[in-house]
Amino acid sequence: MEEEQYELRLYVAGKTQKSVTALHNLKTYCEEHLLGKYTLEVIDLLEHPQLAEGDQILAIPTLVKKVPDPVRKIIGDLSNKEKVLVGLDIRTKS
Amino acid sequence: MIDQTNFTGQMSTLPKTPTGITGLDEITMGGFPSGRPTLICGSAGCGKTLFSLEFIVRGALQFDEPGVFIAFEEKANELATNVASLGFDLNKLQEEKKIKIDYIHVDKSEIEETGEYDLEGLFIRLGYAIDSIGAKRVVLDTIENLFAGLSNQAVLRAELRRLFQFLKNKGVTAIITGERGESSLTRQGLEEYVSDCVILLDHRIINQISTRRLRIVKYRGSVHGTNEYPFLIDEEGISVLPVTSLQLNKEVSTNVVSSGISTLDSMMSKGGFYQGSSILVSGTAGTGKTSIAATFADATCKRKDRCLYFAFEESPNQIIRNMGSIGLNLQNHINDGLLQFHAARPTLYGLEMHLVAIHKAIRKFKPQVVILDPITNLITVGTVSDVKSMLVRLIDFLQEEQITVMFTALTLNTIVNEQTDEGVSSLVDAWLLIKDIELNGERNRGLYIMKSRGMQHSNQIREFVITNDGLDLIDVYLGPDGVLTGSAREAQMLLEETGEVLHTHAISRKDRELLRKRKVLEAKIDSLQTEYESTEEELNKVYIEEEIKKGVMQQTRNKMTEIRRGHSTPDKNTKADKKE
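Residues numbered from 1 in each chain as written. Chains lettered and ligands numbered in written order. Predicted model: local features only at pLDDT ≥ 70, side-chain atom pairs only at ≥ 80, totals over all residues. Heavy atoms only, no water.

### Describing the domain arrangement of chain B
All names here are of chain B.
Now for step 1: Parsing chain B into structural domains produces domain 1 (2-240) and domain 2 (257-478).
Now for step 2: Computed from C-alpha coordinates alone, the two centres of domain 1 and domain 2 are separated by 44 Å.
Now for step 3: Summed over both sides, the interface between domain 1 and domain 2 buries roughly 910 Å², with carbon and sulfur atoms accounting for 63% of that surface.
Now for step 4: The largest contributions to the domain 1 side of the interface with domain 2 come from Ile209, Pro230 and Leu232, which together make up 49% of the buried area.
Now for step 5: Seen at the junction of domain 1 and domain 2, the total is zero salt bridges. (Domains from an automatic or database assignment. Buried area = accessible area lost by both parts, 1.4 Å probe. Salt bridge = Lys/Arg side-chain N within 4 Å of Asp/Glu carboxyl O.)

### Here's the deal with the side chain of Ser291 of chain B
All names here are of chain B.
Now for step 1: Within the element layout of this structure, Ser291 appears in helix α10 (residues 289-302).
Now for step 2: Under the relative-accessibility criterion, Ser291 is labelled buried at 10%.
Now for step 3: Once residues within four sequence positions are removed from consideration, Ser291 is found in contact with Met323, Ile326, Ile466 and Leu471. (Helix = DSSP H or I, 4+ residues; strand = E, 2+ residues; numbered from the N terminus. Buried < 20%, exposed > 50% of the residue type's maximum accessible area, 1.4 Å probe, protein only. Contact = heavy atoms within 4.5 Å.)

### Digging into the interface of chain B and chain A
Now for step 1: In this assembly, 25 residues from chain B lie in contact with 27 residues from chain A.
Now for step 2: Between chain B and chain A lies a buried interface of about 2300 Å² when both sides are counted; carbon and sulfur atoms form 56% of it.
Now for step 3: The largest per-residue losses of area from chain B upon contact with chain A belong to Glu112, Thr114 and Arg125 of chain B, which jointly make up 30% of the total buried on that side.
Now for step 4: The tally of links from chain B across to chain A stands at two salt bridges.
Now for step 5: Note that Arg72 of chain A is salt-bridged to Glu112 of chain B, the shortest N-O span being 3.4 Å.
Now for step 6: In this structure, the connection of chain B to chain A is made through 15 residue pairs in polar contact (both at pLDDT 80 or more).
Now for step 7: Those elements that place two or more of their residues in the side of chain B that touches chain A are β5 (99-103), β6 (111-113) and α6 (120-133) of chain B.
Now for step 8: Residue contributions to the side of chain B that touches chain A peak at six residues, all from α6 of chain B. (Polar contact = N/O pair within 3.5 Å; in protein donor to acceptor, adjacent residues only side chain to side chain.)

### A few points about the pattern of salt bridges
Now for step 1: Using the criterion set out here, one finds 25 salt bridges over all chains in the structure.
Now for step 2: Three or more residues joined by partner-sharing salt bridges are found here, namely Arg9, Glu41, Asp55 and Lys66 of chain A.

### Brief notes about the sheet that holds strand β15 (residues 278-283) of chain B
Residue and element names in this part refer to chain B.
Now for step 1: The strand order β17-β16-β18-β19-β15-β20-β21-β22-β23 describes an open sheet built from nine strands, whose pairing is mixed. Edge positions in the sheet fall to β17 (339-343) and β23 (470-475), since each of these pairs with one other strand and no more. On average, adjacent strands in this sheet sit at an angle of 25° to one another, irrespective of strand direction.
Now for step 2: Relative to β23, strand β22 (residues 462-467) runs antiparallel, the two being bridged by six bridges. The residue of β23 that forms the bridge with Phe464 is Leu473.
Now for step 3: Across the sheet, helix α14 (residues 384-400) lies against β15, β18 (369-373) and β19 (404-410), angled at about 155° from β19, the strand it touches most.
Now for step 4: Most of the contacts of helix α15 (residues 486-564) go to strand β21 (residues 442-452), to which it runs at about 90°, and overall it touches β21, β22 and β23. (Pairing = 2+ DSSP bridges. Axes fitted to C-alpha atoms, helices over the stretch in contact; angles between N-to-C directions.)

### Thoughts on the nonpolar core
For soluble globular proteins, the rule of thumb is that nonpolar side chains tend to be buried together.
Residues and elements named next belong to chain B.
Now for step 1: Counting 42 residues, the largest nonpolar core has Leu140, Leu146, Leu167 and Ile176 as the members making the most contacts within it.
Now for step 2: Every element with two or more residues in this core is listed here: β3 (37-42), β4 (67-71), α6, β7 (137-141), α7 (145-149), α8 (153-170), β8 (173-179) and β9 (197-206).
Now for step 3: The element best represented in this core is α8, accounting for seven residues.
Now for step 4: Not counting residues up to four positions away in its chain, the partners in contact with Ile176 are Pro37, Thr38, Leu39, Ile40, Leu140, Ile143, Phe164, Leu167, Leu190 and Val194.
Now for step 5: In terms of nonpolar packing, the next biggest core, distinct from the first, is built from 39 residues, Ala294, Ile320, Met323 and Leu432 among them. (Core = buried A, V, L, I, M, F, W, Y, C linked by side-chain atoms within 4.5 Å.)

### Observations concerning unusual backbone geometry
Now for step 1: A cis amide bond, omega -5°, links Ile60 of chain A with the succeeding residue Pro61 of chain A.
Now for step 2: Here Pro61 of chain A lies in the loop between β2 (38-44) and β3 (62-67).
Now for step 3: Along the chain, Asp141 of chain B connects to Thr142 of chain B via a cis peptide bond; the corresponding omega equals -20°.
Now for step 4: Its location among the elements puts Thr142 of chain B in the loop between β7 and α7.
Now for step 5: With a phi angle near 55°, Met29 of chain B is a residue other than glycine that sits in the positive phi range.
Now for step 6: Here Met29 of chain B lies in the loop between α2 (24-27) and β2 (32-33).
Now for step 7: Looking at Met29 of chain B, the relative accessible area reads 40%, which means it is partly exposed.
Now for step 8: The phi angle at Gln402 of chain B is positive, at roughly 60°, despite the residue not being glycine.
Now for step 9: Looking at the element boundaries, Gln402 of chain B is found in the loop between α14 and β19.
Now for step 10: Gln402 of chain B sits in the buried class, given a relative accessible area of 19%.

Listed below in structure tokens is the structure:
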């Protein structure tokens with residue numbers, strides 16, 4: 001699993017406190033655990049509202065792990081590192 | 001709250017958005033509150049989704065108001081398949097940008113929550129969907145699914161409140177659906193957020209027959225019907241029945257329609273029933289109620305009016321065949337499109353459904369005459385009071401439409417005054433009662449008019465006979481043992497005829513006697529006359545002789561005088577003098 005490329009999308013709506021926090025947290029985790037094997041796309045729904053439908057976005061901010069399977073969504077400001085890593089299947093639940 | 005309702009209602013009328021759902025706009029007095037959310041709640045399978053979807057579809061088709069349907073439960077294509085049977089082509093409407101169906105999938109297993117979040121994504125999607133087609137109507141079906149997918153209740157509740165505010169700001173008329181809760185209207189207490197209009201759907205099963213009902217729990221700022229209204233889901237969507245009209249201000253007609261039996265018409269001073277009135281024909285089994293109804297139908301069709309016949313007992317073909325035996329050809333009228341049969345077993349569905357079905361059929365066919373045969377069978381699917389209330393509503397509706405209605409009712413009780421006929425006897429305008437009269441070992445039918453509002457009617461019992469050529473009424477004979485019917489009546493008629501002959505005979509004998517007496521007397525008068533004449537002649541003879549004698553004596557005296565004066569007289573005169 002370590003070999004796989006991660007494709008991540010972070011949906012935000014404008015530069016809100018939560019979005020900024022989420023993006024900051026996400027970047028920290030990725031640099032730490034997925035260095036060099038991830039792509040991160042940040043989508044601002046205020047600019048592209050039509051994109052919300054495709055990934056079934058409800059909550060903001062939402063992090064979507066497109067690849068590898070299974071698709072997972074993590075909502076919130078990603079402040080709980082443990083949960084995020086489990087959610088991204090980087091770390092299994094202990 | 002009620003005070004407030006009335007107050008704001010008077011101050012300025014609340015703008016309303018018509019739903020287009022048959023009957024619903026009548027009980028909400030115009031539709032749902034425009035630009036505000038309305039909550040529709042009810043237990044599973046009561047029709048919430050269909051209700052809200054019809055709101056969207058009708059809005060798009062009839063009122064040119066595009067709508068967005070946010071589905072949390074079913075996917076767009078599933079929805080489209082589900083409502084295709086109702087004739088709604090969702091895919092086509094979507095292509096035409098009249099509606100937009102957005103499926104929002106919430107799956108707890110896919111979602112991990114960490115830290116703070118809000119539902120801005122939902123708002124953006126909703127906003128985007130609304131803006132993309134310029135929607136005026138929005139449905140969220142059902143938003144409670146969010147509670148299953150997301151665990152942070154505090155965020156959810158705060159966001160819901162924001163959502164409704166958002167919808168109001170958007171100026172869309174929204175429907176939120178919610179599952180019925182144990183002790184509250186909805187499981188998640190959505191009614192806290194939607195306080196303008198709440199509609200409760202219900203699906204009840206009584207005596208194994210299910211009835212859907214709708215009730216407006218509240219409607220802020222508007223008057224509305226408060227009853228439970230039954231509704232029906234069929235191939236044309238939902239029809240709600242505003243079952244009781246609130247006022248008794250119906251138009252009335254003075255036109256009269258014939259019953260098809262001329263002798264029956266003549267029993268009523270106006271020569272028939274008033275148009276738009278209700279007629280009850282009641283009687284025990286086998287008294288010919290259906291025959292009367294069929295004759296009425298036949299007469300209606302012969303006037304080129306349309307007649308709708310609801311048969312709850314016999315199949316149309318059976319009725320047509322049976323009525324052929326009394327000389328009615330109903331098939332012709334069916335072929336001409338003037339007569340339509342609707343046959344249904346009463347147990348097919350609940351009373352309310354029957355009523356809705358009857359309503360629909362009437363609205364479709366627009367008949368001048370409606371026949372329900374027999375209403376008593378409806379009792380198998382409801383209590384007497386249920387049937388009564390249904391019939392009240394039906395009569396109400398028919399009178400409004402100026403449709404003449406004939407009910408037939410089977411009476412099990414032979415004592416007329418004790419039976420109630422589903423209690424409709426007080427509602428109907430005319431009541432014909434057919435009664436069995438058992439006498440001399442035979443059973444005959446007696447018909448009389450119990451009441452006939454607004455016109456004089458005969459108080460007599462007529463014998464009701466069914467012949468090959470149709471129905472007829474014959475005067476019954478009142479004998480010492482009561483009324484005489486059937487062969488007893490025939491016998492009585494014969495008896496009277498014989499009496500007549502005898503009587504005539506007697507009279508002629510007397511006449512002859514009189515004649516003879518007269519002849520005798522005349523003969524007597526003749527002889528007396530003769531006697532009188534002879535007596536008169538005798539008397540006349542004496543009198544004439546007297547006269548002659550007197551004349552002769554005068555002459556003699558004159559001659560004597562002349563002789564004395566010295567004239568010579570011939571001998572003859574002298575001789576005459578001597579004789580004197």
